[in-house]
Amino acid sequence: MGANLEFANLRSANFRSGDLHRARLANADLEDADLVGANLAGSDLTGASLKNADLRNINISGINWRKILSIQGANIYGVHNPP
């Protein structure tokens with residue numbers, strides 16, 4: 001929660017049910033990441049690569065994907081289970 005992971009290489013990382021609330025993930029490489037059930041509210045995904053990431057159930061627990069701070073310029077090619 002609130003971590004600064006800008007420009008981090010998180011390729012194939014497992015954040016299943018993780019709390020990424022207010023995390024700074026700008027320009028991070030999240031290709032093939034498992035984000036199933038993750039809390040992305042308030043997170044900054046500006047320019048991040050979400051290519052082939054699994055976004056299933058990111059709306060659970062009353063957390064709406066629309067509460068993501070920014071996803072501008074992110075690569076969402078091939079995202080699995082988008083909301």
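Scroll up for the structure.
Throughout what follows, the structure given in this document is the object of discussion.

1. Here's the deal with the overall build of the chain
A count of helices and strands for the chain gives zero helices and zero strands. Here the C-alpha atoms of the chain give a radius of gyration of 11 Å, agreeing with the 12 Å that 2.2 N^0.38 yields for 83 residues. Overall, the chain is about 30 × 25 × 20 Å in size when its C-alpha atoms are taken along their principal axes. A buried classification covers 43% of the 83 residues belonging to the chain. Contacts in the chain between residues at least 24 apart in sequence constitute 30% of all its contacts with a sequence separation of at least 6. A gap of 6 Å separates the mean positions of the 8 positive and 8 negative side-chain charges of the chain.

2. Let's talk about the environment of N14
Owing to a relative accessible area of 57%, N14 belongs among the exposed residues under this scheme. It is 9.8 Å that separates the C-alpha atoms of N14 and A38, two residues lying 24 residues apart in sequence. Engagement of the side chain of N14 in a polar contact is seen with the backbone nitrogen of R16, the distance being 2.9 Å.

3. Describing the nonpolar core
L10, L25, L30 and L35 are the most contacted members of the largest nonpolar core, which totals 21 residues. Contact partners of L10, with chain neighbours within four places excluded, come to L5, F15, L25, A28, D29, L30 and A33.

4. Overview of the pattern of salt bridges
Side-chain pairs of opposite charge can arise where the charged atoms are in close proximity. According to the stated counting rule, one finds five salt bridges in the structure shown. Between R56 and D54 there is a salt bridge, and its shortest N-O distance comes to 2.7 Å. Connected via shared salt-bridge partners are R11, D29 and E31.

5. Quick notes on unusual backbone geometry
If you check the backbone angles, N57 has positive phi at about 60 degrees while not being a glycine. Residue classification places N57 among the partly exposed residues on the basis of a relative accessible area of 43%. Even without being glycine, N81 reaches a positive phi, approximately 55 degrees. By relative accessible area, which is 40% here, N81 ends up partly exposed.

Basis of the calculations
Note on numbering: residues in each chain are counted from 1, in written sequence order. The predicted nature of this model means local features are confined to residues of pLDDT at least 70 and side-chain atom pairs, given and counted, to a pLDDT of 80 or more, with totals for whole chains, interfaces and linings taken over all residues. Heavy atoms from the whole structure form the basis of all side-chain values; hydrogens and water molecules are not counted. A run of DSSP states H or I qualifies as a helix once it reaches four residues; a run of E qualifies as a strand once it reaches two. Both are numbered from the N-terminal end. Radius of gyration: C-alpha atoms only; globule rule: 2.2 Å multiplied by the number of residues to the exponent 0.38. When a residue's accessible area, from a 1.4 Å probe over protein chains only, is under 20% of the maximum for its type it is buried; when over 50% it is exposed; and in between it is partly exposed. Residue contacts are counted whenever heavy atoms from the two residues lie within 4.5 Å of one another. For the charge count, each Lys or Arg is scored as positive and each Asp or Glu as negative, with His and the chain ends excluded. In this description, the location of a charge corresponds to atom NZ of lysine, CZ of arginine, CG of aspartate or CD of glutamate. Polar contact criterion, stated in full: a pair of N or O atoms within 3.5 Å, where within protein one must be able to donate a hydrogen and the other to accept it, and residues adjacent in sequence count only if both atoms are side-chain atoms. Nonpolar core, defined: a set of buried Ala, Val, Leu, Ile, Met, Phe, Trp, Tyr and Cys residues in which side-chain atoms within 4.5 Å join the residues together. The rule for a salt bridge is simple: a side-chain nitrogen of Lys or Arg has to be within 4 Å of a carboxyl oxygen of Asp or Glu.

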